[in-house]
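Report on the structure
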Amino acid sequence: MTPEDLLLALARTRASLDGAEVTLWWTGDVHSWAPGEPYRRLFGFEGLNVARLVEGEAPGTYSLLTREAAFYLDPLTREILETWEHKPVVHVWNDPANQKWRPFPVPMTELGDQVCFSLEIPLAYPSPLPVAQYPANSADDTYRALELFQFFAPASVLATDAPSVPSTVSWTRMSPWLPWMEQGPRPGGLAFHCRGRKLGSYAEVPERTRAYIAARNPQFAHAPEKWTEPNETSWTYFRRLNPPADLPGA
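This report concerns the structure included in the present document. (Residues numbered from 1 in each chain as written. Predicted model: local features only at pLDDT ≥ 70, side-chain atom pairs only at ≥ 80, totals over all residues. Heavy atoms only, no water.)

Regarding the environment of glycine 112
Take glycine 112: it is sitting in the loop between β8 (108-111) and β9 (114-126). For glycine 112, a relative accessible area of 71% puts it in the exposed group. (Helix = DSSP H or I, 4+ residues; strand = E, 2+ residues; numbered from the N terminus. Buried < 20%, exposed > 50% of the residue type's maximum accessible area, 1.4 Å probe, protein only.)

Some remarks on the side chain of serine 138
Along the chain, serine 138 turns up in the loop between β9 and β10 (142-154). Residue class for serine 138 comes out buried when judged on its relative accessible area of 4%. Reaching out from serine 138, the side chain makes a polar contact with the backbone oxygen of leucine 129 at a distance of 2.8 Å. Setting aside chain neighbours within four positions, we find serine 138 in contact with Ser127, Leu129, Val131 and Gly184. (Polar contact = N/O pair within 3.5 Å; in protein donor to acceptor, adjacent residues only side chain to side chain. Contact = heavy atoms within 4.5 Å.)

Brief notes about the pairing of β8
Along any regular strand the residues' side chains alternate between the sheet's two faces. Of the pairings in the sheet, the one linking β8 to β9 comprises four bridges and is antiparallel in character. Pairing of threonine 109 across the sheet is with cysteine 116, part of β9. (Pairing = 2+ DSSP bridges.)

As for the pattern of salt bridges
By the definition in use, this model includes eleven salt bridges. Between glutamate 37 and arginine 186 there is a salt bridge, with its nearest N and O atoms 2.7 Å apart. Here arginine 186 lies in the loop between β11 (168-175) and β12 (189-198) and glutamate 37 lies in the loop between β1 (22-33) and β2 (40-55), a separation of 149 residues in the sequence. Taking the relative accessible area as the measure of exposure, arginine 186 reaches 27% and is therefore partly exposed. Taking the shortest distance from any N to any O, the salt bridge between glutamate 46 and arginine 208 comes out at 2.7 Å. Note that glutamate 46 is positioned in strand β2 and arginine 208 in helix α3 (residues 207-216), a separation of 162 residues in sequence. Here glutamate 46 falls in the buried class, since its relative accessible area comes to 5%. Residue arginine 208 is classed as partly exposed on the basis of its relative accessible area, which comes to 28%. (Salt bridge = Lys/Arg side-chain N within 4 Å of Asp/Glu carboxyl O.)

Details of the side chain of histidine 91
Looking at the secondary structure, you find histidine 91 in the loop between β5 (87-88) and β6 (92-94). For histidine 91, a relative accessible area of 6% corresponds to the buried category. Within the local environment of histidine 91, its side chain forms a polar contact with the backbone nitrogen of tyrosine 72, the two atoms lying 3.1 Å apart. A distance of 2.7 Å separates a polar side-chain atom of histidine 91 from the backbone oxygen of leucine 81. Setting aside anything within four residues of it in sequence, one finds histidine 91 in contact with Ala70, Phe71, Tyr72, Ile80, Leu81, Glu82, Tyr212 and Tyr237.

Some remarks on α3
Buried within α3 are the following residues: Thr209, Tyr212 and Ile213. Seen end-on, α3 carries its buried residues on one side only, within an arc spanning 95°. The exposed residues of α3 that point more than 90 degrees off its buried face are Glu207 and Ala215. Where α3 is buried, its residues touch β2, β3 (62-73) and β6. (Arc of directions from axis to C-beta.)

Here is the structure:
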């Protein structure tokens, strides 16, 4: 398959070529690691991404327009947390979380009656939370994380002309401590381990989660209508909620 063919197959697996909204839902857990300490399951984690795929200006390119919301859960009851160790929990409200796609050799593995697309995304860029401004929330002036995605689709359905195919997803993320955890320079970090699927519609999102979104940020039930930037992340969102004290308006 050419890079153009691979991107087209990934686009049908992740989203829909006809521009329809696609909801990706996932669930899993968040584990901590630190030198000399046992691994701990700190949180459950459940989230969703609502996406719309639009063709780019160059042939064979696309823009993926998305919003994503995700929530930290009590690891036992799976209820959405509002506090952790007497600190307010800051959930994930990323608007937008857009991507530009162009043809590239997408790693693809044939697994019998399934096809797997693997995306490994190492991240390293200047942190929105410099240590000098956020000593309790940040341990490094460079944000470093590793995102590992696997999208699985039925090989037989990918062979059709359907604009969208059923798919499941596996997602692992290695990241620093979350800013709201106030771990400061403590060594260690978090491992997110989740799995999910492309839903038939947003209505298939668990009712508890839909109700939480409807009460707080109802726009997250839909994908953006047009491209905007920059993307929001947990770190930029935390900064917007907690601007440095020396900045105007803080």
